[in-house]
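Read off the chains here:
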Amino acid sequence: MLAVGLIASVVTLAVGAQVASAHHSEIAASVDCTGTVSYTASSWSGNVATLDGKNTKIEVGYRIPPAGSNVFVKYGAFLASKPGSPGTPDSFSGTFAW
């Protein structure tokens with residue numbers, strides 16, 4: 001239980017600046033008993049008309065507070081909306097060893 005609460009504070013999603021960039025992201029993560037972190041990063045918006053949630057350069061990483069270094073995990077992207085589901089915010093998922 002401690003690991004699940006802790007992972008919420010150590011997994012960070014950094015959003016790079018773009019012409020139409022995501023205001024913020026939503027991230028959900030969990031850790032299993034072997035130390036594998038499973039995460040899903042989601043855009044805040046799926047508005048196809050304004051491209052509000054689109055961002056082609058998303059960086060996923062983590063840091064263990066208070067003074068840990070940032071550890072890069074993966075690059076991803078948010079499309080204007082989830083493919084095949086107009087108006088639904090885009091997302092991507094992955095895993096990494098902690």
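Before any of the text, the structure's been laid out above.
Residues numbered from 1 in each chain as written. Predicted model: local features only at pLDDT ≥ 70, side-chain atom pairs only at ≥ 80, totals over all residues. Heavy atoms only, no water.

**Focus on the overall build of the protein chain**
Looking only at helices and strands, one finds one helix and six strands in the protein chain. Ordered by position in the sequence, the α and β elements of the protein chain form the string α-β-β-β-β-β-β. Across the 98 residues that make up the protein chain, the buried fraction comes to 29%. Restricting the contact set of the protein chain to residue pairs at least 6 apart, pairs at least 24 apart contribute 57%. (Helix = DSSP H or I, 4+ residues; strand = E, 2+ residues; numbered from the N terminus. Buried < 20%, exposed > 50% of the residue type's maximum accessible area, 1.4 Å probe, protein only. Contact = heavy atoms within 4.5 Å.)

**Structural notes on the environment of Ala 28**
Here Ala 28 shows up in strand β2 (residues 25–31). When the C-alpha atoms of Ala 28 and Ser 42 are compared, they prove to be 8.6 Å apart, with 14 residues separating the residues in sequence. In this structure, Ala 28 is in contact with Ser 38, Tyr 39 and Thr 40, ignoring residues within four places of it in sequence.

**A short note on the nonpolar core**
In this structure, Val 31, Val 37, Tyr 39, Ala 41, Ile 58, Val 60, Tyr 62, Phe 78, Phe 92 and Phe 96 together form the largest nonpolar core, which totals ten residues. Sorting the residues of this core by element identifies β3 (36–43), β4 (55–62) and β6 (91–97) as the ones contributing at least two each. Excluding its chain neighbours within four sequence positions, the residues that come into contact with Phe 92 are Tyr 39, Thr 40, Ala 41, Ile 58, Val 60, Lys 74, Gly 76, Ala 77 and Phe 78. (Core = buried A, V, L, I, M, F, W, Y, C linked by side-chain atoms within 4.5 Å.)

**What about the packing of aromatic side chains?**
Scanning all chains against the criterion turns up four aromatic pairs. Taking the centre distance of 5.1 Å and the plane angle of 5 degrees together, the rings of Tyr 62 and Phe 96 count as stacked. A residue pair is termed long-range when its members are at least 10 positions apart, and Tyr 62 in strand β4 and Phe 96 in strand β6 qualify at 34 residues. Each member of the pair, Tyr 62 as well as Phe 96, carries the same accessibility label: buried. Put simply, the rings of Tyr 39, Tyr 62 and Phe 96 pair up and form one aromatic cluster. (Phe/Tyr/Trp six-rings, centres within 6.5 Å; stacked < 30°, edge-to-face > 60°.)

**Some details on the environment of Ser 43**
Positionally, Ser 43 belongs in strand β3. For Ser 43, a relative accessible area of 3% puts it in the buried group. Ser 43 sits 45 residues away from Thr 88 along the chain, and the two C-alpha atoms are 9.2 Å apart.

**Quick word on unusual backbone geometry**
Residue Pro 65 is joined to Pro 66 through a cis peptide bond whose omega torsion reads 5 degrees. Here Pro 66 is to be found in the loop between β4 and β5 (71–78).

**Re the sheet that holds β6**
Pairing between sheet strands relies on hydrogen bonds along the backbone, with the strands arranged either parallel or antiparallel. Pairing within the open sheet is antiparallel, and its three strands lie in the order β2-β3-β6. Two strands lie at the open edges of the sheet, namely β2 and β6, each paired on one side alone. Averaged over all adjacent pairs, the angle separating strand axes in this sheet is 15 degrees, with direction ignored. Across seven bridges, the pairing between β2 and β3 is antiparallel. Counterpart to Ser 30 in the pairing with β3 is Ser 38. (Pairing = 2+ DSSP bridges. Axes fitted to C-alpha atoms, helices over the stretch in contact; angles between N-to-C directions.)

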